[in-house]
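Coordinate analysis (summary)
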Amino acid sequence: NQRGSDEYASAKLNDKDRSSYWATDDDVTKATVNVELTEQREFNVIRLSEPIAMGQRVKNYVVDALIDGDWKEIAKGTTIGRKRLHTFEPVKAQNIRIRILDNRSTILLSEIGVHYDPMLPANYDILDPDAENMENGATHLLHRTTDTDR
């Protein structure tokens, strides 16, 4: 689902403009965003962002990757906010989906990123890292997750 015009299209998730975003219609309570990479890639980090000026809206979500023909859960969370990074054991996939399972208001996402970082251990979430430092490769590991809540 996409709100009426191209102004809120899913292409906004990958346009390198932090002020643009994908939006669903107001009455949508669950949504799925499918991401197809240009080729199969190895990655161990998923980056999600909401347009925080519009408020934190997502309350529950799951990230899946299509691995060897089956959708496998690789991350999940209860909030996204300005920036949420999930790390996990490296996987190879070309297709990823983000399933928004619960939200406070109209679903909005501003960015989705897929990265490989050999320096990060699996099972750490990076909550709202300093964007300037992230561009220089530094990160702030804020809390360790367990297999039941990643």
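The text that follows walks through the structure, step by step, so that each part is easy to find. (Residues numbered from 1 in each chain as written. Predicted model: local features only at pLDDT ≥ 70, side-chain atom pairs only at ≥ 80, totals over all residues. Heavy atoms only, no water.)

**Observations regarding the overall build of the protein**
For clarity, the threshold we go by: Going along the chain from the N terminus, every DSSP run of H or I of four or more residues is numbered as a helix, and every run of E of two or more is numbered as a strand. Note on classification: 1.4 Å probe, protein chains only; a residue is buried when its accessible area is under 20% of the maximum for its type, exposed when over 50%, partly exposed between these limits. The contact criterion used is simple: two residues touch if any of their non-hydrogen atoms lie within 4.5 Å.
Secondary structure assignment for the protein yields 1 helix and 9 strands. Its helices and strands taken in sequence order, the protein reads β-β-β-β-β-β-β-β-α-β from the N to the C terminus. The burial tally for the protein puts 42% of its 150 residues in the buried class. A separation of at least 24 residues holds for 71% of the contacts in the protein among residues at least 6 apart in sequence.

**Quick word on the side chain of Asn-44**
Spelled out, the test is: Here a polar contact means two N or O atoms within 3.5 Å. Within protein one must be a hydrogen donor candidate and the other an acceptor candidate, and residues neighboring in sequence count only if both atoms are side-chain atoms.
Structurally, Asn-44 is set in strand E2 (residues 31-49). A polar atom in the side chain of Asn-44 sits 2.8 Å from the backbone nitrogen of Asp-117. Once residues within four sequence positions are removed from consideration, Asn-44 is found in contact with His-86, Thr-87, Phe-88, Glu-89, Pro-90, His-115, Tyr-116, Asp-117 and Leu-120.

**Notes on the pairing of E2**
Looking along a regular strand, one sees side chains alternate from face to face of the sheet. Note the cut-off: Following DSSP output, two strands are said to pair if at least two bridges run between them.
In terms of strand pairing, E2 meets strand E5 (residues 84-103) through 13 bridges, oriented antiparallel. Paired with Glu-36 across the strands is Asn-95, a residue of E5. Sheet analysis places E2 next to strand E7 (residues 111-115), joined by 5 bridges and oriented antiparallel. Paired with Ile-46 across the strands is Val-114, a residue of E7.

**A few points about the packing of aromatic side chains**
Remark: the centre distance and the inter-plane angle together describe each pair of aromatic rings, the angle taken between the planes. Put simply, the rule reads: Only rings of Phe, Tyr and Trp enter the pairing, Trp through its six-membered ring, and a pair is recorded when the two centres are within 6.5 Å. The plane angle decides the type: under 30 degrees is stacked, over 60 is edge-to-face, the rest tilted.
Per the counting criterion, the structure on display carries 1 aromatic pair. Between the aromatic rings of Phe-43 and Phe-88, the centroid separation amounts to 6.0 Å while the plane-to-plane angle is 90 degrees, which identifies the pairing as edge-to-face. Within this pair, whereas Phe-43 is found in strand E2, its partner Phe-88 is found in strand E5, the two being separated by 45 residues in sequence. Side by side, Phe-43 and Phe-88 carry an identical accessibility label, which is buried.

**Concerning the side chain of Arg-47**
Along the chain, Arg-47 falls in strand E2. Among the polar contacts listed, one links the side chain of Arg-47 to the side chain of Glu-111, at a separation of 2.9 Å. Once residues within four sequence positions are removed from consideration, Arg-47 is found in contact with Lys-83, Arg-84, Leu-85, Glu-111, Ile-112, Gly-113 and His-115.

**Re the pattern of salt bridges**
In a structure, side chains of opposite charge can pair up when their charged atoms sit close to one another. The condition that has to hold: Every case where a carboxyl oxygen of Asp or Glu lies within 4 Å of a side-chain nitrogen of Lys or Arg is listed as a salt bridge.
Applying the stated rule across the entire model yields 5 salt bridges. Glu-39 serves as the salt-bridge partner of Arg-41, at 3.7 Å between the closest nitrogen and oxygen. In this structure Arg-41 comes out as partly exposed when scored by relative accessible area, which is 41%. Overall, Glu-39 belongs to the partly exposed group, its relative accessible area being 45%. A salt bridge links Asp-102 to Lys-59, with the nearest nitrogen and oxygen atoms 3.7 Å apart. With Asp-102 in strand E5 and Lys-59 in strand E3 (residues 58-67), the pair connects residues that are 43 residues apart, well separated along the chain. A residue is classified by how much of its surface remains accessible, and Lys-59, at 34% relative accessible area, is partly exposed.

**Re the nonpolar core**
Using the following cut-off: Among the buried residues, those of types Ala, Val, Leu, Ile, Met, Phe, Trp, Tyr and Cys that are joined through side-chain atoms within 4.5 Å form a nonpolar core.
Of all hydrophobic cores here, the largest spans 24 residues; its most connected members are Phe-43, Ile-46, Leu-48, Val-63 and Ile-74. Mapped onto this core, the elements with two or more residues apiece are E2, E3, strand E4 (70-77) and E5.

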